[in-house]
Amino acid sequence: KGAELHPVGKGIRFDCFTGVYERGCSCACIKIWLTSPLLVAAAFCFVMMYFNCVMQVYAQHRSSSFLDIPKKYNMSAEDTAKINELPDVGFDLLKPVLQEHWLADAWVGAMIGVTFVRFLATGMRVTILRRWLSCLGTLFGIRALSIIATLLPNPSHTCIATAVGNPWYEGIMILTGRHATCADVLYSGHTVNMTLCAMVWHTYSHVTPLTEWDPLTCLCCNTPLVSKMGDLLRCTSAKVLIWCAATAGYLVIIATHFHYTVDVLLGLVLTLVFWAYYHYYIRYMFARATLGSRILQWMERDAEDLEIHKNAQPCRQCGERVSV
């Protein structure tokens, strides 16, 4: 939210969260940031990402049998590779195997970077970032349980695990990119990140457009973009391009044997479902009096796209049920 110019005088402070000048002590900026929903979302995401990294190390420790058994029976490297790679339709279709294993990391990094720069220039940047962090943390928390519940052999035979020490220490090393594991297979974290970036564009690129001109509209789709309820009715050029980029990224992950096809499929479906459910839930959370709804109401208290829902249910803050 933009702030109007105001001479900061005695008793006047700048609210560094909302961008408004108010009366009070200037040191309250610290309190505002420490209790801001964005910081809470960032802390939640960090904890879940670290938890995921710790579970990666535990999974790596449990995966030793994938290499110990072939050594016990003096299997060749070729036979070891065959028994440690599950049959996969994606591998059968995408041949030969790409050896550029760095490509998946570069692809997801590029998508995150472009998405961040694009929406940093919009008025909804805080809201979008908060929701992205909340969804990312939740999905990686689920992934932490998934990778330790059932182990799959890593399809990449060139993967070398360097995180072999204490899981809680190695979790920090993995989080900072210094160490790596090979047993965190089901499901794909790269797919989660790519899909979240695509969903940010799909959900908000028409809400906070950089320009009103769209090639797809000019060529063939001169129809309303959204309904009266705000639901998306058709695609735009930006949405088509980002989904093409995401799809290409999925194929890169499979073609490099970074993950199995099922890892990519589950990561895609879970991200789509959770993102859609989160955005559906926050539109109607003011009609609920549950603990989860109250937490989300606090998290989304400054959301620009929920004002109409806040006004429609003014008494939900006190938990009362209003009969219409």
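Residues numbered from 1 in each chain as written. Predicted model: local features only at pLDDT ≥ 70, side-chain atom pairs only at ≥ 80, totals over all residues. Heavy atoms only, no water.

(A) A look at the overall build of the chain. Scanning the chain from N- to C-terminus turns up 14 helices and two strands. Counting over 324 residues, the chain shows a buried share of 41%. At a minimum sequence separation of 6, the contacts of the chain that also span at least 24 residues come to 72%. Counting only carbon and sulfur atoms, one obtains 68% of the accessible surface of the chain, whose full area is about 18000 Å². (Helix = DSSP H or I, 4+ residues; strand = E, 2+ residues; numbered from the N terminus. Buried < 20%, exposed > 50% of the residue type's maximum accessible area, 1.4 Å probe, protein only. Contact = heavy atoms within 4.5 Å. Areas by Shrake-Rupley, 256 points an atom, 1.4 Å probe, with all protein chains shown as cover.)

(B) Seen up close, a nonpolar patch on the surface. The grouping of Ile142, Val262, Leu266 and Leu270 at the surface amounts to a nonpolar patch, some 280 Å² of accessible area in total. The leading source of residues in the nonpolar patch is helix α12 (residues 261–284), at three residues. With respect to the helices and strands, the residue Val262 is situated in helix α12. Of the residues examined, Val262 reaches a relative accessible area of 39% and is grouped as partly exposed. (Patch = residues over 30% accessible without salt bridge, like charges linked within 9 Å, V, L, I, M, F, W, Y side chains within 5 Å. Salt bridge = Lys/Arg side-chain N within 4 Å of Asp/Glu carboxyl O.)

(C) Main features of helix α9 (residues 189–204). With 16 residues, α9 ought to run about 22 Å at 1.5 Å a step, and its terminal C-alpha atoms sit 22 Å apart, in line with that. The backbone nitrogen of His190 has a side-chain oxygen 3.4 Å away, supplied by the residue at the start of α9, namely Ser188. (Expected span 1.5 Å × (residues − 1). Polar contact = N/O pair within 3.5 Å; in protein donor to acceptor, adjacent residues only side chain to side chain.)

(D) Spatial organisation of the pattern of salt bridges. Here the structure, examined in full by the defined rule, presents five salt bridges. A salt bridge links Asp184 to Arg143, with the nearest nitrogen and oxygen atoms 3.2 Å apart. Of this pair, Asp184 sits in the loop between α8 (167–175) and α9 while Arg143 sits in helix α7 (residues 125–149), and the two are 41 residues apart along the sequence. Each member of the pair, Asp184 together with Arg143, is buried. Among the salt bridges present, the one from Asp302 reaches Arg301, with a minimum N-O distance of 3.5 Å. The class for Arg301 is partly exposed, based on a relative accessible area of 35%. Where salt bridges share partners, they join Arg130, Arg131, Glu300 and Asp305 into one cluster.

(E) Expanded view of the state of the cysteines. One pass over the full model with this rule turns up one disulfide. Between Cys159 and Cys182 runs a disulfide, and the two sulfur atoms are separated by 2.0 Å. As the torsion about the S-S bond is roughly -95°, the Cys159-Cys182 disulfide counts as left-handed. With Cys159 in the loop between α7 and α8 and Cys182 in the loop between α8 and α9, this residue pair connects regions lying 23 residues apart in the sequence. Judged by its relative accessible area of 31%, Cys159 is partly exposed. (Disulfide = S-S within 2.5 Å.)

(F) Structural context of the side chain of Arg143. Judged by relative accessible area, Arg143 falls into the buried class, the value being 3%. Beyond its immediate chain neighbours, meaning those up to four positions away, Arg143 contacts Asn52, Gln56, Asp184, Leu186, Tyr187, Ser188, Gly189 and His259.

(G) Structural view of the environment of Gly109. When you line up the elements, Gly109 lands in helix α6 (residues 102–120). Note on Gly109: relative accessible area 38%, which makes it partly exposed.

(H) Representation of the packing of α6 against helix α11 (residues 237–255) within the structure. Running from amino to carboxyl end, α6 crosses α11 at an angle of 160°, the nearest separation of the two axes being 9 Å. Overall, the two elements α6 and α11 adopt an arrangement that is roughly antiparallel. The chirality of how α6 crosses α11 is left-handed. Residues Leu103, Ala104, Trp107 and Met111 of α6 touch α11, and the partners they reach there are Ile242, Ala245, Ala246, Ala248, Gly249, Val252 and Ile253. (Axes fitted to C-alpha atoms, helices over the stretch in contact; angles between N-to-C directions. Parallel < 35°, antiparallel > 145°, perpendicular 65-115°, else oblique. Left-handed = near helix turned anticlockwise from the far one by under 90°.)

(I) Expanded view of the layout of surface pockets. If you add up the space inside the largest pocket, you get close to 840 Å³. What lines the largest pocket is a set of 33 residues, and nearest its centre among them are Gln56, Asp105, Asp184, His190 and Phe258. Among the elements of the structure, α2 (37–62), α6, α7, α8 and α9 are those that each provide at least two residues to the lining of the largest pocket. If you tally residues by element for the lining of the largest pocket, the top one is α6, at five residues. Across the lining of the largest pocket, the residue classes break down as 16 nonpolar, 14 polar and three charged. (1 Å grid on protein atoms, 1.4 Å probe; cavity = no way out; pocket = protein on both sides within 12 Å on 5 of 7 lines; lining within 4 Å. Points joined across faces, edges and corners; volume = space filled by probe spheres on them. Nonpolar A, V, L, I, M, F, W, Y, C, P; charged D, E, K, R; others polar.)

(J) Structural context of the confidence of the model for the chain. Looking at the chain, pLDDT values average 81 and 76% of them are 70 or higher. For residues 1–24, every residue scores under 50 in pLDDT, and the model assigns this stretch 44 contacts once sequence neighbours within four places are set aside. (pLDDT = per-residue confidence, 0-100.)

(K) How the structure looks around the environment of His61. Along the chain, the position of His61 falls in helix α2. By relative accessible area, His61 is classed as partly exposed at 35%. Once the C-alpha coordinates of His61 and Pro167 are considered, the two residues, 106 residues apart in sequence, prove to be 9.1 Å apart. When near neighbours in sequence (up to four residues on either side) are disregarded, His61 contacts Val164, Gly165 and Pro167.

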